[in-house]
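Summary of structural features
Residue-level listing of the chains:
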Amino acid sequence: MAEFKLPNAQEWLDMVKAEIGLETDAEAAAYLKIPKQVISNWRSNRMQIGVGDAMTVGLAIGVNPLFVILSGKYHTARPEKREKWRVMASPVEPKTPRKPGGKRLNR
């Protein structure tokens, strides 16, 4: 089975900033309507992305929210349980489908 990366909260945040064109974590917090303290906790690795925030992040950048949720669960799991989360995430298509004409279905 090919290995694939399940991004952590910091990496999801960096993807949001790159995709949307934001420069600071404060701008990302405002865009996502997430408290700056949550963003700070992601950066300091005190907390991983939760289900509600994972949905917000996924929808913001056109990534299947289920993939973001499973990624967060992977990173909060004990090391001996992580492989189960990776297996659950493997069949999930990371990108969200688009309507004809290129618009995301979730927008």
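Above this note sits the structure.
The text that follows walks through the structure, step by step, so that each part is easy to find. (Residues numbered from 1 in each chain as written. Predicted model: local features only at pLDDT ≥ 70, side-chain atom pairs only at ≥ 80, totals over all residues. Heavy atoms only, no water.)

What to know about the nonpolar core
Rules: Each nonpolar core is a collection of buried residues, namely Ala, Val, Leu, Ile, Met, Phe, Trp, Tyr and Cys, held together in the definition by side-chain atoms within 4.5 Å. Exposure is judged per residue with a 1.4 Å probe applied to protein chains only, and the accessible area is read against the type maximum: over 50% gives exposed, under 20% gives buried, and values in between give partly exposed. Helix and strand definitions follow DSSP, with helices as H or I runs of at least four residues and strands as E runs of at least two, each counted in order from the N terminus. By definition in these notes, contact holds between two residues if any of their heavy atoms fall within 4.5 Å.
Residues Trp12, Trp42, Ile49, Val57, Ile61, Phe67 and Val68 are the most contacted members of the largest nonpolar core, which totals 26 residues. Contributing elements (two or more residues each) for this core: helix 1 (9-20), helix 2 (25-32), helix 3 (36-43), helix 4 (51-61) and helix 5 (65-76). Setting aside residues up to four positions removed in sequence, Trp12 forms contacts with Pro7, Val57, Ile61, Val63, Phe67, Val68 and Ser71.

Brief notes about the packing of aromatic side chains
The description of two aromatic rings rests on the distance between their centres and on the angle between their planes. To keep it simple, the criterion reads: What counts as a ring pair is set by centres within 6.5 Å for rings of Phe, Tyr and Trp (its six-membered ring), and what kind of pair is set by the plane angle: stacked under 30 degrees, edge-to-face over 60, tilted for all other angles. The rule for a charge over a ring is simple: NZ of Lys or CZ of Arg within 6 Å of the ring centre, and within 35 degrees of the ring normal.
Following the criterion strictly, the structure yields 1 aromatic pair and no others. Ring centres of Trp12 and Phe67 lie 6.2 Å apart, and the angle between their planes is 80°; this geometry places the pair in the edge-to-face category. Here Trp12 is found in helix 1, whereas its partner Phe67 is found in helix 5, with 55 residues between them in sequence. Using a relative accessible area of 2% as the deciding quantity, one classes Trp12 as buried. The residue whose ring lies beneath Arg82 is Tyr74, and the NZ or CZ to ring-centre distance is 5.3 Å.

Focus on the pattern of salt bridges
Put simply, the rule reads: What counts as a salt bridge is simple: a side-chain nitrogen of Lys or Arg found within 4 Å of a carboxyl oxygen of Asp or Glu.
Overall, the coordinates contain 6 salt bridges when judged by the stated rule. Arg43 is the partner of Asp25 in a salt bridge, and the nearest nitrogen-oxygen pair spans 2.9 Å. With Asp25 in helix 2 and Arg43 in helix 3, this pair connects stretches of sequence that are 18 residues apart. Here Arg86 makes a salt bridge to Glu83, at a shortest N to O gap of 3.7 Å. Of this pair, Arg86 and Glu83 both sit in helix 6 (residues 82-89), 3 residues apart, which is roughly one turn of the helix. One salt-bridge network, in which partners are shared between bridges, spans Asp14, Lys17, Asp25 and Arg43.

Description of helix 4
Short version of the rule: Here the arc refers to the set of directions running from the helix axis out to each C-beta atom.
For helix 4, every residue scored as buried is listed here: Ala54, Val57, Gly58, Ala60 and Ile61. Down the axis of helix 4, the buried side of the element spans an arc of 165°, and every buried residue falls inside it. Along its buried surface, helix 4 packs onto helix 1, helix 2, helix 3 and helix 5. Remark: Gly62 follows helix 4 within two positions and exhibits a positive phi of approximately 75°.

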